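Now for the letters of each chain:
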Amino acid sequence: MKTKKLSVIAHGGAGSSNEHSDGTEKAVQACYEANQNNSGLLHAVAQAVVVLEDDGRYNAGKGSHARENGKVEHDAAVMDSEGRFGAVAAMEGFKNPIQAAKAVSETKYQILAGDGAAKFAGDQGLEPTQLQTVPGSGKDFSTSPTTDTVGCVAFDGTTFVAALSTGGMAGAHYGRVGDVPIIGSGLYAGSDGAVAATGDGESIMMKITAYRTYKLIEKGGSPQAIVDEAISWFPLTDAFGVILVTRKGSAGGSNRSMAWSSREYA
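Structural notes, computed from the coordinates. (Residues numbered from 1 in each chain as written. Predicted model: local features only at pLDDT ≥ 70, side-chain atom pairs only at ≥ 80, totals over all residues. Heavy atoms only, no water.)

1. Some points on the packing of helix 2 (residues 41-55) against helix 3 (residues 97-104)
Taken N-terminus to C-terminus, the directions of helix 2 and helix 3 make an angle of 160°; their axes are 8 Å apart at the nearest point. Viewed along their axes, helix 2 and helix 3 adopt a mutual orientation that is roughly antiparallel. Considering only the axes of helix 2 and helix 3, their crossing is right-handed. For the pair formed by helix 2 and helix 3, the contact residues are Leu42, His43, Ala46, Gln47, Val49, Val50 and Glu53 on the first element and Pro97, Ile98, Gln99 and Lys102 on the second. For the contact of helix 2 with helix 3, a count of residues per class yields 6 nonpolar, 3 polar and 2 charged. (Axes fitted to C-alpha atoms, helices over the stretch in contact; angles between N-to-C directions. Helix = DSSP H or I, 4+ residues; strand = E, 2+ residues; numbered from the N terminus. Parallel < 35°, antiparallel > 145°, perpendicular 65-115°, else oblique. Left-handed = near helix turned anticlockwise from the far one by under 90°. Contact = heavy atoms within 4.5 Å. Nonpolar A, V, L, I, M, F, W, Y, C, P; charged D, E, K, R; others polar.)

2. Section: the sheet that holds strand 6 (residues 160-166)
The strands making up a sheet associate through hydrogen bonds between their backbones, and the pairing can be parallel or antiparallel. Reading across from one edge, 4-3-2-6-5-1-11 is the order of the 7 strands in this open sheet, with mixed pairing throughout. Lying at the two open borders of the sheet, with one neighbouring strand each, are strand 4 (111-113) and strand 11 (260-265). Each adjacent strand pair in this sheet contributes to an overall mean axis angle of 5°, direction not counted. Those strands touched by helix 1 (residues 21-36) are strand 1 (6-11), strand 5 (150-155) and strand 11, and its axis lies near 30° from that of strand 11. Sheet strands touched by helix 4 (residues 114-123): strand 3 (85-91) and strand 4. Its angle to strand 3, the strand with the most contacts, is close to 115°. (Pairing = 2+ DSSP bridges.)

3. So, the pattern of salt bridges
A complete count under the given rule lists 11 salt bridges for this structure. Close ionic contact of Glu25 with Arg263 constitutes a salt bridge, the shortest N to O distance being 2.8 Å. One end of the pair, Glu25, is in helix 1; the other, Arg263, is in strand 11, and 238 residues separate them in sequence. With its nearest N and O atoms 2.9 Å apart, the salt bridge here joins Asp123 to Lys119. Separated by 4 residues within a single helix, Asp123 and Lys119 lie in helix 4, roughly one turn from each other. For the pair formed by Asp123 and Lys119, the shared burial category is exposed. (Salt bridge = Lys/Arg side-chain N within 4 Å of Asp/Glu carboxyl O. Buried < 20%, exposed > 50% of the residue type's maximum accessible area, 1.4 Å probe, protein only.)

4. Brief notes about helix 2
Between the first and last C-alpha of helix 2 there are 22 Å, a value that for 15 residues agrees with the 21 Å anticipated at 1.5 Å per step. Within helix 2, burial applies to Leu41, Leu42, Ala44, Val45, Ala46, Ala48, Val49, Val50, Leu52 and Glu53. On its buried face, helix 2 is in contact with strand 1, helix 1, strand 2 (74-80), helix 3, strand 5 and strand 6. Positioned one or two residues after helix 2, Gly56 has a phi angle of 90°, which is positive. (Expected span 1.5 Å × (residues − 1).)

Laid out in structure tokens, this is it:
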């Protein structure tokens, strides 16, 4: 079977250990395998994020942080250069939130939140899960891992796709929503590239980070130069990382440690 052209890059979140790049390698491989099976690039990128959600070492899926009330709420989003976008916010109770976001992208809606998102995910037959820390159990949120949003971007020679998933900020007020499901904040995909950010959600949102990074891609900058400029927008006190893919190649970086992997398939 002839290998299809594919450029894919995945990250385990700002603050994730560089030693955990074996997990992002598996995510990249999952994207490649799904793409070879003619399932569509958006589906293939979502499969990469599923691998990261199932890993447990990153702040997404089963590794998600709990909110102040001990419950786990997920945000996830996916976008492609063909005009599809779908996201879920503050959704509880499902193993792979990225699959719910992908399902939303196939409807007339762009974002579903809270109980409505959970009802939708259930109607889609997505696998439920039980994740929570019991309030009063002595959980000290200040000692929670500082890893953040996981993500993947890819380009198959025609279409660009970006996807993100997160358990949010440890100890945050329940219902808090970060940059992940906000188009142009945590992610963006257009005809010239795809961007997926990770880190301090409020700062990423306020800087409209992914869209501004995409505009640099449109101007024709080199992938690494664009990554370096985006990182420079954030003080060292604000965790930040980004991965991107363009017609010129891919790059990633962070002002923290960050597990990430990149591969080109000709």
